[in-house]
Amino acid sequence: MNVEADRILLKYFNDNIRLVEKWFNVVLPSKKSIVNLQADLNELKNKNWKIII
């Protein structure tokens, strides 16, 4: 990705974090937050999928 485009997107997400977090309500279980989603995704990312699959 172009560095300038990345900077603009990061600024947008940072400036609009409350709005952006609402986008993830579709994938979040009730009573969980974006922090829970981030933790779950990090846990999945760090699994040794070559062994699991």
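Rules and cut-offs
Position numbers for residues start from 1 in each chain and track the written sequence from start to end. Side-chain atom pairs in this predicted model are given and counted only at pLDDT of 80 or more, local residue features only at pLDDT of at least 70, and totals for whole chains, interfaces and linings cover all residues. Where side-chain values are given, they derive from all heavy atoms of the structure, hydrogens and water being excluded. Under the DSSP-based scheme used, a helix requires at least four consecutive residues in state H or I and a strand at least two consecutive residues in state E, with every element numbered from the N terminus. As defined in this context, the radius of gyration uses C-alpha atoms, and a globule is described by 2.2 Å times the residue total to the power 0.38. Burial classes: relative accessible area under 20% of the type maximum marks a residue as buried, over 50% as exposed, and values in between as partly exposed (1.4 Å probe, protein chains only). Neither His nor the chain ends contribute to the count of charged residues, in which Lys and Arg are positive and Asp and Glu negative. Where a charge lies is defined by one atom per residue type: Lys uses NZ, Arg uses CZ, Asp uses CG and Glu uses CD. Only residues whose relative accessible area exceeds 30% and that form no salt bridge enter a patch; like-charged residues are grouped when within 9 Å of one another, and nonpolar side chains (Val, Leu, Ile, Met, Phe, Trp, Tyr) when within 5 Å. Every accessible area reported is derived by Shrake-Rupley at a probe size of 1.4 Å, with residue values counting cover from the shown protein chains alone. Salt bridges are identified by distance alone: a Lys or Arg side-chain nitrogen within 4 Å of an Asp or Glu carboxyl oxygen.

Engineer: Help me understand the overall build of the chain, please; the structure alone is not making it clear to me.
Structural biologist: Scanning the chain from N- to C-terminus turns up four helices and zero strands. Listing every helix and strand of the chain by position from the N terminus yields α-α-α-α. Over its C-alpha atoms the chain spans a radius of gyration of 15 Å, topping by over 25% the 10 Å that the globule rule assigns to 53 residues. Counting only C-alpha atoms and orienting by the principal axes, one finds that the chain spans roughly 40 × 30 × 15 Å. Taken over 53 residues, the chain has a buried fraction of 8%. Each charge sign in the chain was given a centre, from 9 positive and 6 negative side chains, and these centres are 6 Å apart.

Engineer: What is the right way to look at a nonpolar patch on the surface in this model?
Structural biologist: A cluster of nonpolar side chains, M1, L9, Y12, F13, L19 and W23, forms an exposed patch at the surface whose accessible area comes to about 620 Å². Those elements giving two or more residues to the nonpolar patch turn out to be α1 (3-15) and α2 (17-23). Looking at which element gives the most residues to the nonpolar patch, the answer is α1, with three residues. Along the polypeptide, M1 turns up in the segment before α1. Relative accessible area serves as the criterion here: at 73%, M1 is assigned to the exposed category.

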